[in-house]
Each structure stands twice: as C-alpha cells, then as structure tokens.
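# What the coordinates show
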Amino acid sequence: MSKRYFLTAFSDVGISQGLGCSDAGPWRAPGCGGCGSRGGTGHRLLRPYTVPRVWCVIPLRLGLLSCCAFTSGLNVGLCLCQPAVAMKIPVFILAGLLVHCVFLVSIFDIYFSSPLVHGMTPQQTPLPPPAKRLVLFVADGLRADSLYELNSNGTPQAPYLRGILENNGSWGISHTRVPTESRPGHVALIAGFYEDVSAVAKGWKENPVEFDSVFNESKYTWSWGSPDILPMFAKGATGDHVYTFCYTAESEDFGAQDAAKLDLWVFDHVKSFFNSSRSNQTLFSALNEEKVVLFLHLLGIDTNGHAHRPNSREYKENIKKVDEGVKEIASMIDHFYGNDGKTSFILTSDHGMTDWGSHGAGHPSETLTPLIVWGAGINYPQKVTSQFFEDNFLKEWKLENLKRLDVNQADIAPLMASLIGVPFPLNSVGTLPLEYLNNSAHFKAESMFTNAVQILEQFKVKMSQKKENTLSFLFTPFKPLSDSEQINFLKKIRLCIQQQKYNEAVSLCKTLINLALEGLSYYHTYDRLFLGLSIAMSFVGWTTYVILVIIKTHTNLTKTVPTNNKKSAVLFYGFTFAGMIIAFFLLIQTCPWTYYVYCLLPVPVWYAVVREIPVIQDLAANVLSLRISQSIGFLLVCILGIEILVFSFFYRSALTVGLLVFAGWPVITQLWVQAKTIALIWTLLCVLLAIFPLMPVVGREPNIPLVIAAGLLTLLISCFSLASLCGNKNKYRNNEDLKVYFYQMLSIGLSTYVVSSTHDSLKNKLGLPVLNQIVSWMILVSSPVLLLLSPTFLFQRLFSILLSLMSTYLLLSTGYEALFPLVLFGLMFVWINMEQEALQHYGLSLKPKLAVFNFAYAVDITQFRQLHLDDVRRSFFFVFFIVTAFFGTGNIASINSFDPASVYCFLTVFSPFMMGGLLVLKVVIPFVLVSCAFEAVQVTTQLSSKSLFLIVLVISDIMALHFFFLVKDYGSWLDIGTSISHYVLVMSLTIFMMLMNGLAQLLTTQRLELPRRTKHHST
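What counts, and where the lines are drawn
Residues numbered from 1 in each chain as written. Predicted model: local features only at pLDDT ≥ 70, side-chain atom pairs only at ≥ 80, totals over all residues. Heavy atoms only, no water. Helix = DSSP H or I, 4+ residues; strand = E, 2+ residues; numbered from the N terminus. Buried < 20%, exposed > 50% of the residue type's maximum accessible area, 1.4 Å probe, protein only. Contact = heavy atoms within 4.5 Å. Areas by Shrake-Rupley, 256 points an atom, 1.4 Å probe, with all protein chains shown as cover. Pairing = 2+ DSSP bridges. Axes fitted to C-alpha atoms, helices over the stretch in contact; angles between N-to-C directions. Salt bridge = Lys/Arg side-chain N within 4 Å of Asp/Glu carboxyl O. pLDDT = per-residue confidence, 0-100. Nonpolar A, V, L, I, M, F, W, Y, C, P; charged D, E, K, R; others polar. Parallel < 35°, antiparallel > 145°, perpendicular 65-115°, else oblique. Patch = residues over 30% accessible without salt bridge, like charges linked within 9 Å, V, L, I, M, F, W, Y side chains within 5 Å. Expected span 1.5 Å × (residues − 1). Arc of directions from axis to C-beta. Polar contact = N/O pair within 3.5 Å; in protein donor to acceptor, adjacent residues only side chain to side chain. Core = buried A, V, L, I, M, F, W, Y, C linked by side-chain atoms within 4.5 Å. Phe/Tyr/Trp six-rings, centres within 6.5 Å; stacked < 30°, edge-to-face > 60°. Lys NZ or Arg CZ within 6 Å of the ring centre and 35° of its normal.

Glancing now at the overall build of the protein. For the protein, the helix and strand inventory stands at 34 helices and 14 strands. Across the 1019 residues in the protein, those meeting the buried criterion constitute 55%. Here the contacts in the protein between residues at least 6 apart in sequence split such that 80% fall between residues at least 24 apart. Roughly 44,000 Å² of accessible area belongs to the protein as shown, and the carbon and sulfur atoms make up 62% of that amount.

If you want it as structure tokens, here you go:
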C-alpha cells in the first residue's frame, strides 16, 4: 500500500503554497534549526511523490540540523531550509581512490623494492675443489629436534643419519630466517640470499626477480620432488642444464592415507634414473662430468606435519622412511661412481614446524633445522669435552661430545659452491662455514677471499647505481667502505695469503663481508626517509581536507564566504611553482617515475587544504566558543577510540576492552532508563562477544563437537523464529516464504552432518568422501540463492542472511569460531533496536515500527539531514564492529593463523589459491553480517551514506598513518606479513566498505521471484 508524501522547501518569495509547516497538525515543527522558520509562510510545496508506507525520521530540537521533518498521520513534510554546499561527488571519489591507490602502492616502493642487483662478475675459488658432485637432500618441514632427539627407549629417530654425524661427517643447526616458508627457505639454501620481501606481492611460484643459484652455476643439475619448488630454479637458470622431475600437484593430499608416499616416489625415481643411465650413453657421460648437483626435495614430512602434527606417529614414521631412503640413495650413488670419494652429501630442511602443524613465523621450532654434511671435502666428527649454546638441546640429544657447527641458512649455498668448485651465486649473502671443510688452510683462505669479493661486488654495483641517481652534493657515501678502504682491504688480504698468514686473511675477509653487507643495507634504504616524509605529508593533508569537507558540506558550523579570486590565483601559482621545483630536482637526478608521484602528491592535496582557510577559521571560532573541557573531552574520546582500534590489530584483547566499554554505553548515556530489556540484552551480548578475542588463534586442536553444537543451536533458534512467523498470518498468504526457511534449515542440518562425517573420515584416514564434497559445494552455491528468495521485511531478511551465511561458515569451521557469527548477529540485531532508542533519546525521531519495515521499499531521504555528533559514534561503532568481525576469531594478517583443516570439507589436495579463497570467504562472512546490519541502521535512521563514507575515511586514514610508520621489512615473516597486511587492510577499508555496502544493499533489498503456478477456478 502506498501513500502520498510531500516535500516542502524554503522559498525566498515568502509565499505559502500547498501544505506548509502550519498545516502539520499536532506534529508542527517548533522551529527549523537552519533558518529559524516558525511554520506557515516561507515554505512552498515541491512536487508530490509516491513512496511506500514507511516511518520517517523527525529531527527536531537540534541546532546542528538544517532540515526538519514532521508528520501528520501518514503525511510527511521535510523542510530544506539550508541546502548543503554542492559537491562534485564523482570527482571527489575519483580523487580519493587515486590518492589511496598511491598510498597503498607506496609501501612496496619504500619498504619492499628488490634488494637484488645485477651486473656483478662471477667469483670462483682458483684452487681445485674436493668434490666432483653434490647430493642435496631437503626434508621439507623437518625440525632439528625431531631428527636429533632419541626415542623413549634410547634409540635414534633416524639410525643411519645418526651414525653419519657420529662417525663420518659434521653436523649442526641451520638457523633459518623467516619467512619460514618453503619457497624462501629453498631460495636461501640454493641461491644464498633471503627472499626479497617484495615477493609478498608477486606470488610464490614464479621468480619476482631473476637471481643466480648454485644450480644455475653447475654443469648439470637433476632434481626430483614437488611441482611447487623445482620449476622455480629451472626457470631461473640460464641455458638448458637444470632438469626437473615432479609428481602431480594432486598428490599433495592432506587427507591421504600417508604422505610419505611422496618421498618414496622421489627415491624410486632417482633409482630408476640411475639405472636407466647405464643404457643411455649421453646421460651416463653427463652424470660423470664435474660440477654436478643432484637435488632431492622430500615433501612428505611437511605434509604429514600439517595433517597430523609433528608429534604424531605419522610424522615420526616419515622421518624413518626418509632415513632409510637417504641410506639407499647414498649407497647406490657411491656404488655407481665406484666409491671414488668425490661425492659430497648434504641433508637439511627449508624450515621447521610448530607443535600445531604450521610454519611461517619465528618460533624456534620453525627456525631451527638440522644440517648433516658428509663425504668429499667434509670434516669428520670432532670430539669436544665441553661446548656452550644458549639452548639445552645437546644434553637432550646426547650429543654433548660432538662439536656442533651452527650456520645461517644462506651460508649453505657458498658451502655447496666451494665443495664442487662453481662460482658463488652472484646474489649470495652467505658466509662460507669453514669449519665444515676438510681441506688445506690455503684452500680455505682462497675460498673466503672469493666469498668476500663476491659480496663486495654487490656493494659496488649498488653504490654506483645510487651515486648515478643522486646529485653529487646530496650524495652521502657509506664511509666505512670508501673506494680507498676497499682497495686497502683487498691488498691486505692478498698479501696475507701470499705470506701464508691464512688465519689473518680469513679474519680480514669476515670483517670485509660484514662491512659490505652493512653497506648494501645502507644504500638499499637510502631514499626511505625522504619518500616516507612525502607520503606522510600527503596523508596528513588528505585527512585534513576530508575533515574540512565534512564540516563544510554536512554541518552548519561554517558560513559561506565569497571567493577572493586574487588570493586564489596567488595560491594556485605559488603551489604550481613549488611543484615545478620538486619535479626539476627529481628530473636532474633521473629518479623513477613513481618518485614523481610520491613527491608531487602533497602539492595538490595541501593546495586544496589551504583554499579552505575560511572554513578552518570558522571551525576554530566555533571550537573556541565551546567550553575547553568539552573540546578536550571530545578530542580525548576520539583519540582513545582510534588507538583502541589500532591496538586491536596487534593485541586482539583490545577488542575485548572496547566491547566491555560498549557494554556500558546504555548506562553512560542513560538509554537503559527508557529500554531496560534491550539495554540488558545489549550488555550481555557485548560481554559474550568480548570472550572471543581472548580465545587462542593458533595451536588449537579441532573441536568438532563445538561446531555441531553451533549447528544445533542455529536450528533451535530457527525453530523459534519459524514458530513466530507461522503465527503471523497477514504477511504469509502462501507457503512459499516458509519453504525457503525450511530449505535453509535443511542446509544448516546438512552442513552440521558433513562437518562431523568428514572429520571422522579423515581421522580414520579414509580421505574426503566424494558425497560430502559434492554436498559442501552445493551448499556454498545454493546459500546466496535461497537468501534472495526470502521476504525483504527487515528482521526476516536479516535472519535469512544469517542462516545462509551460517550454513557455509559451519563447513569452514573446526572449533569455537562456529559460535562467533551467532553471537555477532545477536549483537547486530540488538544494535538496530538500540539505535532506534538512541534516536528517540536525542529527540531525532519518534520510535518507529521496525517489525513492518521493508528493505525493498526503503526511501533514501538522507540528503535532507545533516550530521549530528551521535552519527560520528554510529560510524565508529561500524568501524569497530568491522575490525571485530575480522579479528574476532583470528588474525587475518597471516595465513599462519589459520588451520588448513578449515577447508577439508571442500578439498584436501593442496591448492594454495582455492584454499586461500575459501579462507578469505570464512573471514568475509562475519564482515557481511556487520555490513547488512549497518545497512539496516543506516536506512532506518536516515544516516547519510555520503557523510558516513567521509567519517569512515577519516578514521581509516588516521589508522593507516599509524600503520605506515609501523611497516617492517625485517624480523619474522609473521611480523613482516602482519605489518604489510595491517596497512593494506586499513587502506583497503574504504574501498572494501563501499563494496560491502553495495553487497549489503543487494542482499537486503533484492528478491528473486520464482514463477508460481496460477490457480484455475472452474466455472
């Protein structure tokens, strides 16, 4: 049913036409906050328009508002007495998107540009190497303690390797640098440098930049193993001398009976490869060349660790199978080459693993990996009476009497290069671990000298690049390694070697290496401060401009000031001249084009700010007219709110503090007086939701009973809701709407069953049942369709959204997080009601009837209402609930925070993009719930979506400025990834909020109408 509504607007001619304020019956406006009109004359009728039967906001008694609304029965009058200043919205949005894109991209130029340089001369030890060939075993995901520790009965986990380190070779711990992931680990091992952090933005399977490696420098390299690792080094190699043999990606199945089959595949294929070479003369000749590398990548241990945890029987059994396989391969290779003693063997790992089966961060269980080296050119075990390490592992492992030789992971690459006599990888930053070598002092000194010159070459190229691109009077060189110092070092080292002072030469080489590495870092971060300040200036300028736009356009705190064309011209030419000066300096330094963007961006931004000086003056006058305590109090509350949001990105417990403050909101504002029941429910749900950020993120074991409980609780709530809907006959004249709810409840029931069934099947090593997988994907696809078939009345549609999203969320849950959307939705439901109480409390509206509110017929009259301070609080609530939706059950800043078991209902075969997409969906679902609830708040309170967007923009930009200075390019992968993700998240918040707002409008207002059978009546 529709009614006729009339809009009235202020008329300068002072003639009353049609319905005026004086005709508004009992709801006559006591006066307009914008013009002070008392009704009657001074208002004229705008053309009538038809809207559905809805309630309307009545913003009375507020000086901040420039419009009034009043009702008489079902008629509504709105007075637009002080039209808002017109804005070119498309231009502003476009400018905002452009500025934020620059902010977003800037961190990758400032913090994460590639440290690699090209153009160095390869450096090779001039003396003959001890080995002709090298065999590298990398047991992916193998922890040092898992290999070295003894079983409870005193027997070793890996008998063959234990015998090697006790009798034949050297051993130690390789300290991996985070990220403790497979790709960066292998790059450090084989190329000798720590993965460029900019690879975060470039993907994991391809080379973000070209780099040199031991494989590339070898005569031939044959490799066997995972398709995720091997192709990376083959594609980066020059020429056709690196060969790969990979199993299929589908073999990497977390739900398989035993992932050790991956390692058995490698061992079997290596054996058949050597057997086939006896009948293939070309291959046989190639295998007998010098400078040959054989690489065996063993992924089974890592896969079993993810699937069953490192303390499981499967993980330990896999170690035994690898030990047996290494023994067979080593014996076969020695036999193949007639025991010529020219083969070196290295066994290590790319990274370790936490007790809960994840890796990526900097926990010792992830960064401590085993290193066992034996064969040609390698020292035999060295007996010692005592040795000191900060950890107590030696005693636990019963290895106190064998010398432990620890290295950094990148040191293994120069060790391999030295053993087989190939040039050190050009980009290597590793230091040759001399204690592993069983060779002459002369050989060791020459090898260290080669190592030092190779790293110095990188420093010289980096320095020359920076010198070329900087004006001579602005260039500040790295003083400890000036040209004269370099020459001095090289002369001293060469002289020591000639005089056979090998120990002194080695010591000088190590000093030179350390200085060269410091210098590399110095030149790599040379422009960081300059670029960072430019972006910071743009940030501050843009945020200031947005605040001025809000004040100028959405409040009446400022008066219109006539434009002074002369002053405007002076400003324009002044800023243009400043921009030209900056561009000139960048041009003569031949800077990259991105530097122009970062350095010139502050110019137009601050020009826009300075143009609004009259607005700033008016604002200052208004603020000064307030009591100082009021102004300071409001400022402190704003700062505290934003700081809580910032802290919540690092410490999830900050969300708990915020939610507990929210719980007291009705008491602080006296809302509980007029709505005791709703206020009590609000408080209880805030306290309940506050528990979730205190729960652990990682390390939790699957708790399927909790997921089942969440599914059953959802069904129970659905039953109560259906019972109440069935009791209301007026809105359900047919059973189609009820059928939708029954189907959604069926989806919830199926999801609960599939989760339970899949978990049991995987536990019994029966794999993922095909039927369960089909049902899971069907629920995922059908959920949004069922949602759009439900009625668009406010509470019914919101509840339908919960059921649809919950059915998918259950399939992605493994524990307590399954309860999170239920509690969050409950709080959102109460929030909608609380906002109505707040409207009434502040005199903005009569209490509407939400039960009959229909999303599909909502009228957007937000353009007629200016901002009230309470709208800032609403916007903050929205941002806070978004952050809570993100971080409530986990830290989305690192994939390490998620258990891959979350996606096992959909797939168990390793597929990073599919698994990542499903995990992102899991994160987005609570966000969609908050967005839909806020859509309800927005349309029922006539909160301006444009002003809301601007307020959220200010909040997100202030947070982003915090995170810009907190971005790290060092430390653990978790720290680096977290700092990047925090910044990207906040920068994306505005764009993402716009997308989610559009999605929320779609989910709340749209309805699919299925063709229904018409009833034929016989005459």
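On we go from here.
Quick look at the sheet that holds strand 7 (residues 133-139) now. Reading across from one edge, 10-9-11-7-12-13-8-14 is the order of the 8 strands in this open sheet, with mixed pairing throughout. The open sheet is flanked by strand 10 (242-246) and strand 14 (407-408), the only strands paired with a single partner. As judged from the 5 bridges shared by strand 9 (residues 220-225) and strand 11 (residues 292-298), these two strands associate in the parallel manner. Counterpart to Trp224 in the pairing with strand 11 is Leu296. Strands strand 7, strand 11, strand 12 (343-348) and strand 13 (368-375) of the sheet are contacted by helix 10 (residues 313-336), whose axis makes an angle of about 170° with strand 12.

In this section: the pattern of salt bridges. With the rule as written, the count across this model stands at 16 salt bridges. For Asp145, the salt bridge goes to Arg143, with nearest N and O atoms at 2.9 Å. Exposure class is identical for Asp145 and Arg143. Each is buried. Residues Glu166 and Arg162 are paired through a salt bridge, measuring 3.0 Å at the closest nitrogen-oxygen approach. Residue Glu166 and its partner Arg162 are located together in helix 3 (residues 159-167), separated by 4 residues, close to a single helical turn. Residue Glu166 is classed as partly exposed on the basis of its relative accessible area, which comes to 31%. Its relative accessible area of 9% is what places Arg162 among the buried residues. Through salt bridges with shared partners, a single ionic network connects Arg143, Asp145 and Asp355.

Take the confidence of the model for the protein next. Looking at the protein as a whole, the pLDDT averages 80, with 81% of positions reaching at least 70. For residues 200-208, every residue scores under 50 in pLDDT, and the model assigns this stretch 22 contacts once sequence neighbours within four places are set aside. Here residues 860-864 scores under 50 on pLDDT; set against residues more than four positions off or in separate chains, the count is 11 contacts.

This brings us to the packing of helix 4 (residues 182-191) against helix 13 (residues 412-420). Their axes nearest at 5 Å, the elements helix 4 and helix 13 cross at an angle of 35°. Residues Ala188, Leu189, Ile190 and Ala191 of helix 4 form the contact with helix 13, whose own contacting residues are Ile412, Ala413 and Met416. Class assignment for the residues of the contact of helix 4 with helix 13 results in 7 nonpolar, no polar and no charged.

Another aspect to go through is the packing of helix 22 (residues 628-650) against helix 31 (residues 869-887). It is at 10 Å that the axes of helix 22 and helix 31 come closest, and there the two elements cross at 10°. In terms of orientation, helix 22 and helix 31 fall into the roughly parallel class. Mapping the contact onto sequence places Phe634, Gly641, Ile642, Ile644, Leu645, Ser648 and Phe649 in helix 22 and Leu869, Phe876, Val879, Phe880, Val883 and Phe887 in helix 31. A per-class count over the contact of helix 22 with helix 31 returns 11 nonpolar, 2 polar and no charged.

Before going further, it helps to examine a nonpolar patch on the surface. A cluster of nonpolar side chains, namely Phe473, Leu474, Phe577, Ile581, Phe584, Phe585, Leu587 and Ile588, defines an oily patch on the protein surface of about 820 Å² accessible area. Relative to the helices and strands, Ile581 resides in helix 18 (residues 565-588).

What follows is about helix 14 (residues 441-468). Here helix 14 contains 28 residues, and its C-alpha end-to-end distance of 41 Å stays within 8% of the 40 Å for a straight helix at 1.5 Å per residue. Of all 28 residues making up helix 14, 20 are buried, and the element is well covered by its neighbours.

Turning our attention to helix 25 (residues 676-689). Between its first and last C-alpha atoms helix 25 spans 20 Å; for 14 residues at 1.5 Å apiece the expected length is 20 Å, and the two agree. Those residues of helix 25 not exposed but buried are Ala679, Trp682, Leu685, Cys686 and Leu689. Seen along its axis, helix 25 keeps its buried residues to an arc of 130°; they face one direction. Residues of helix 25 that are exposed and point over 90 degrees away from its buried face: Lys676, Thr677, Leu680 and Leu684.

On to the side chain of Gln458, then. Topologically, Gln458 is positioned in helix 14. Exposure remark for Gln458: the relative accessible area of 4% places this residue in the buried category. At a separation of 2.8 Å, a polar atom in the side chain of Gln458 contacts the main-chain carbonyl oxygen of Ser428. Not counting residues up to four positions away in its chain, the partners in contact with Gln458 are Val117, Met120, Leu426, Asn427, Ser428, Val429 and Leu520.

Take the nonpolar core next. Core analysis: the largest hydrophobic core is formed by 146 residues, its most contacted members being Trp682, Phe881 and Tyr983. Ranked by the residues each element gives to this core, the list is headed by helix 32 (residues 912-941), at 16 residues. Setting aside anything within four residues of it in sequence, one finds Phe881 in contact with Leu659, Phe662, Trp682, Leu827, Met828, Trp831 and Val930. Ranked by size, the runner-up nonpolar core spans 69 residues in total, among them Val138, Ala505, Leu512 and Ile513.

Attention shifts here to the pairing of strand 12. The buried fraction of strand 12 amounts to 6 of the 6 residues, a majority that puts the element mostly inside the structure. Neither face of strand 12 is left uncovered, since the one carrying Thr343, Phe345 and Leu347 and the one carrying Ser344, Ile346 and Thr348 both have all their residues buried. Pairing of strand 12 with strand 13, which is carried by 5 bridges, proceeds in the antiparallel orientation. Within the sheet, the bridge partner assigned to Ile346 lies in strand 13 and is Val373.

What follows concerns the packing of aromatic side chains. Counted according to the given criterion, the structure contains 60 aromatic pairs. Aromatic pair Phe478 and Tyr522: ring centres 5.6 Å apart, planes at 40°, arrangement tilted. Taken together, the residues span a long stretch of sequence, with Phe478 in the loop between helix 14 and helix 15 (483-498) and Tyr522 in helix 16 (residues 502-524) at a distance of 44 residues. In this structure Tyr522 comes out as partly exposed when scored by relative accessible area, which is 27%. By way of ring pairs, the aromatic residues Tyr220, Trp222, Trp224, Tyr243, Phe245, Phe273, Phe274, Phe284, Phe336 and Tyr337 are connected into one cluster. Over the ring of Phe877 we find Arg873, and its NZ or CZ is 4.8 Å from the ring centre.

Let us look at the environment of Glu181. One can find Glu181 in the loop between strand 8 (170-175) and helix 4. Along the sequence, Glu181 and Gly360 sit 179 residues apart, while their C-alpha atoms lie 5.4 Å from each other.

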